[in-house]
Amino acid sequence: MAALNLAGLIAAAADAIAAHAEELTALDQAIGDGDHGLNMKRGFEAVRAEADAFAAKPLPDALKAIGTKLVMTVGGASGPLFGTLFMALGKEISADPDRADLTAAFGKAIEAVAARGKSQIGQKTMLDVLQPVHDALAGGKPAAEIADIADAAAEATVPMRALRGRASFLGDRSIGHMDAGARSTALLVRTVGQAIGESA
């Protein structure tokens, strides 16, 4: 991962979120506040604007700075959760991580997100994508397969009943809709996987 082009990865992530912003908003309109796509696009465009500055930092510092920027700019419930993911990853990861280091740091970051959101697996949240991705990382799966696992995990939130966030107020009416945070997480996983695959 030493050859990772962080500025390029940030641009790719911002592009992916922007390309799917309307889809994310539509998902969120069904069972949430309806602002997830717009909020995520705003946050990742803010990160993109400082991509070169972030890329100049050691990886742990860059991830923490990205997380802080997301907290400040995404807003809603997603800002603190996605921000926490990046900040915790930055706190735990080494400057030149191998797969084992990345897997361990990712596991700690997931724990931090769960604590921040007071949620757990099976409650129709981004955790339902993050945990299968961690398991796939730990199992040595290639990046392309991990991306497919993330997509399938987001799809698997459709029949779930939401137990956290605004969607939980809908009770059984939350069933039948994909969680927007799970979908945006899967988009980011695929983007990162492609970037790491290209730099490997």
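This section reports on the structure supplied with the text. (Residues numbered from 1 in each chain as written. Predicted model: local features only at pLDDT ≥ 70, side-chain atom pairs only at ≥ 80, totals over all residues. Heavy atoms only, no water.)

## A closer look at unusual backbone geometry
Rules: A helix here means a DSSP run of H or I that spans at least four residues, while a strand means a run of E at least two residues long, and both kinds are numbered starting from the N terminus.
A positive phi angle, near 50 degrees, is found at Lys118, a position not held by glycine. As for its position among the elements, Lys118 is in the loop between α7 (99–117) and α8 (127–138). Phi at Lys124 takes a positive value of approximately 65 degrees, unusual for a residue other than glycine. Tracing the backbone through its elements, the reader meets Lys124 in the loop between α7 and α8.

## What about the nonpolar core?
How we decide: We define a nonpolar core as any set of buried Ala, Val, Leu, Ile, Met, Phe, Trp, Tyr and Cys residues linked to one another through side-chain atoms lying within 4.5 Å. Here the term buried applies to any residue with accessible area under 20% of the maximum for its type, exposed to any over 50%, and partly exposed to those in between, with areas from a 1.4 Å probe on protein chains only. By definition in these notes, contact holds between two residues if any of their heavy atoms fall within 4.5 Å.
Counting 52 residues, the largest nonpolar core has Phe44, Leu70, Phe106, Val129 and Leu130 as its most contacted members. No other element matches the 7 residues that helix α10 (residues 180–199) contributes to this core. The contacts of Phe44, once residues within four sequence positions are left out, are Ala13, Ala14, Ile17, Leu70, Phe86 and Leu188.

## Describing helix α5 (residues 59–74)
Using the following cut-off: A helix is expected to span 1.5 Å for every residue after the first.
Look at α5: 22 Å from first C-alpha to last across 16 residues, which is about the 22 Å you get at 1.5 Å a residue. Contact partners of the buried residues in α5: α1 (6–19), α3 (36–49), α4 (51–55) and α6 (78–92). In the stretch just after α5, Gly75 is the one whose phi turns positive, near 75 degrees.

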